[in-house]
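Commentary on secondary and tertiary structure
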Amino acid sequence: MDSGNNAWILTSTALVLLMTLPGLALFYGGMVRRKNVLSTLMQSLGAAAIVTVVWALVAYSLAFTDGGGLNAFVGGLSSAGLAGITPDSMSGDLPENLFLMFQLTFAIITVAIIAGAAVERIRFSAFMVFGAAWLVLVYAPICHWVWGGGFLGEAGVLDFAGGAVVHINAGVAGLVLAKFLGPRKGYPGSNLAPDNLVLTVAGAGFLWVGWFGFNGGSALAADGAAAHALVTTQVATATAVIVWICLEWILRGKASVLGAASGAVAGLVAITPAAGFVPAWAAFLVGAGGSFGAYWGVTALKKALKIDDTLDAFGLHGVGGLVGAILTGVFASEAIGGTPGAIEGNLLQVWTQAWGALAAAAYCGVVTFIILFVQSKLMTLRVDEESEVSGLDTSLHGESVGS
């Protein structure tokens, strides 16, 4: 065991958990109407609970153990229930307990992101059942494809900290969920303005800080690669905020606080797959590209699709993640991450990134739909109209944030 690496990944694990609780919870909670704030916070809290239990029971094993003849697609069950994992078990030079906890925090935020597409209308019990099934059937296999010895990793797909595993995955699932549930009552004509952008900005701040654990920790060592990932993360995120602000100034005449917070998330998402593979100067371009792509995703594309993706899970994470995955193939540097990209003559890496991202998106979309279809035959997914009008805080949880 390397004590320095151990200390850094212990810290990173806490930082990534901070991204969901309270980060994403506040970021999402501030963007809904007051009558739905608590129910939105509850979804992030619920995601942390259900994902932890299912991860320990079966999903970790499916993601990171040897699947034998099926190893290209999914792991096995040798560590189901965390069997055989002791304080002395190792994953590289880290305790396996620490590695599985670090990876757990990624799984938690992925399921929590999906909730943003369906807030203000999905039943909490339905979301919890969906989250458990989705973790096993979608997240664990795709995680294994990329990081657990599966076919995408073996094919050379670069995903430093979760562009496909987390963001494209969550974004596409959110899109399917939003389409399956249908739009909120009154969408898009009624006033559905956010209740408290103070919460949203605070949440964006927690996400930004936590992302240093997300990207920096993905080096799995306290080394130069981790430090480099911190630099590219900061530069890309700051650039994305400025680009989003400028787009709003040009197109709308004013730069909004919500837009600046959204730009920060777009930059964080876009740099995620690239953070440890591209030079620092490329982070400016990745951040700018992610901001342009996500802005288009939450405005023009959202209108074209006519889907009520409530908090833009697909526009920010799906589109931003896809842009980041492609740009990783463009700017990857052999001296930094071991694989050259298009700028160093390896044009094929762009194609590898593209088909890898699309494979993850296609699998996620199809299996997410199947999960929802089966689930809809067994339980009610959406609250009734009366509950939606009165608000999910009182109808589902019997509580309110007050006047």
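About the criteria used
- Residues numbered from 1 in each chain as written.
- Predicted model: local features only at pLDDT ≥ 70, side-chain atom pairs only at ≥ 80, totals over all residues.
- Heavy atoms only, no water.
- Patch = residues over 30% accessible without salt bridge, like charges linked within 9 Å, V, L, I, M, F, W, Y side chains within 5 Å.
- Areas by Shrake-Rupley, 256 points an atom, 1.4 Å probe, with all protein chains shown as cover.
- Salt bridge = Lys/Arg side-chain N within 4 Å of Asp/Glu carboxyl O.
- Helix = DSSP H or I, 4+ residues; strand = E, 2+ residues; numbered from the N terminus.
- Axes fitted to C-alpha atoms, helices over the stretch in contact; angles between N-to-C directions.
- Parallel < 35°, antiparallel > 145°, perpendicular 65-115°, else oblique.
- Left-handed = near helix turned anticlockwise from the far one by under 90°.
- Contact = heavy atoms within 4.5 Å.
- Buried < 20%, exposed > 50% of the residue type's maximum accessible area, 1.4 Å probe, protein only.
- Polar contact = N/O pair within 3.5 Å; in protein donor to acceptor, adjacent residues only side chain to side chain.
- Phe/Tyr/Trp six-rings, centres within 6.5 Å; stacked < 30°, edge-to-face > 60°.
- Core = buried A, V, L, I, M, F, W, Y, C linked by side-chain atoms within 4.5 Å.

**Looking at a nonpolar patch on the surface**
Nonpolar side chains collect at one region of the surface, where Val366, Phe369, Ile370, Phe373, Val374 and Leu378 lie side by side and expose about 600 Å² of accessible area between them. Among the secondary structure elements, phenylalanine 373 is positioned in helix H13 (residues 348-378).

**Overview of the packing of helix H3 (residues 96-115) against helix H7 (residues 197-216)**
Running from N to C, H3 and H7 cross one another at 140 degrees; their axes reach a closest spacing of 11 Å. Taken together, the axis directions place H3 and H7 in an arrangement best described as oblique. Where H3 crosses over H7, the handedness of that crossing is left-handed. The segment H3 lies against H7, with Phe102, Phe106 and Ile109 engaging Leu207, Gly213 and Phe214.

**Brief notes about the side chain of threonine 299**
On the secondary structure map, threonine 299 appears in helix H10 (residues 280-305). Residue threonine 299 is classed as buried on the basis of its relative accessible area of 17%. A polar atom in the side chain of threonine 299 sits 2.5 Å from the backbone oxygen of tyrosine 295.

**Thoughts on the side chain of serine 79**
Position of serine 79 among the secondary structure elements: in the loop between helix H2 (37-64) and strand E1 (90-91). Ignoring any residue separated from it by four or fewer positions in sequence, one finds serine 79 in contact with Ala56, Tyr60, Ser61, Thr65 and Ile85.

**Looking at the packing of helix H6 (residues 163-181) against H13**
Their axes nearest at 9 Å, the elements H6 and H13 cross at an angle of 40 degrees. By the angle class used here, H6 and H13 are oblique. Considering how the two elements wind past one another, H6 and H13 form a crossing that is right-handed. Along the contact surface, H6 presents Ala164, Ile168, Asn169, Val172, Ala173, Val176, Leu177 and Phe180, while H13 presents Ala357, Ala360, Ala361, Cys364, Gly365, Thr368, Phe369, Leu372, Phe373 and Ser376.

**Examining the packing of aromatic side chains**
The tally for this structure, following the rule as stated, stands at 20 aromatic pairs. Look at phenylalanine 102 and phenylalanine 106: their rings are 4.9 Å apart centre to centre, the planes differ by 70 degrees, and that puts the pair in the edge-to-face class. Linking phenylalanine 102 with phenylalanine 106, this pair stays in helix H3, spanning four residues, or about one helical turn. Look at phenylalanine 102 and you get buried, because its relative accessible area is 1%.

**Observations regarding the nonpolar core**
Phe27, Trp55, Trp134, Tyr139 and Phe214 are the most contacted members of the largest nonpolar core, which totals 119 residues. No other element matches H3, which puts 14 residues into this core. In contact with tyrosine 139, other than residues within four places in its own chain, are Trp55, Gln103, Phe106, Ala107, Thr110, Trp134, Val165, Val166 and Asn169.

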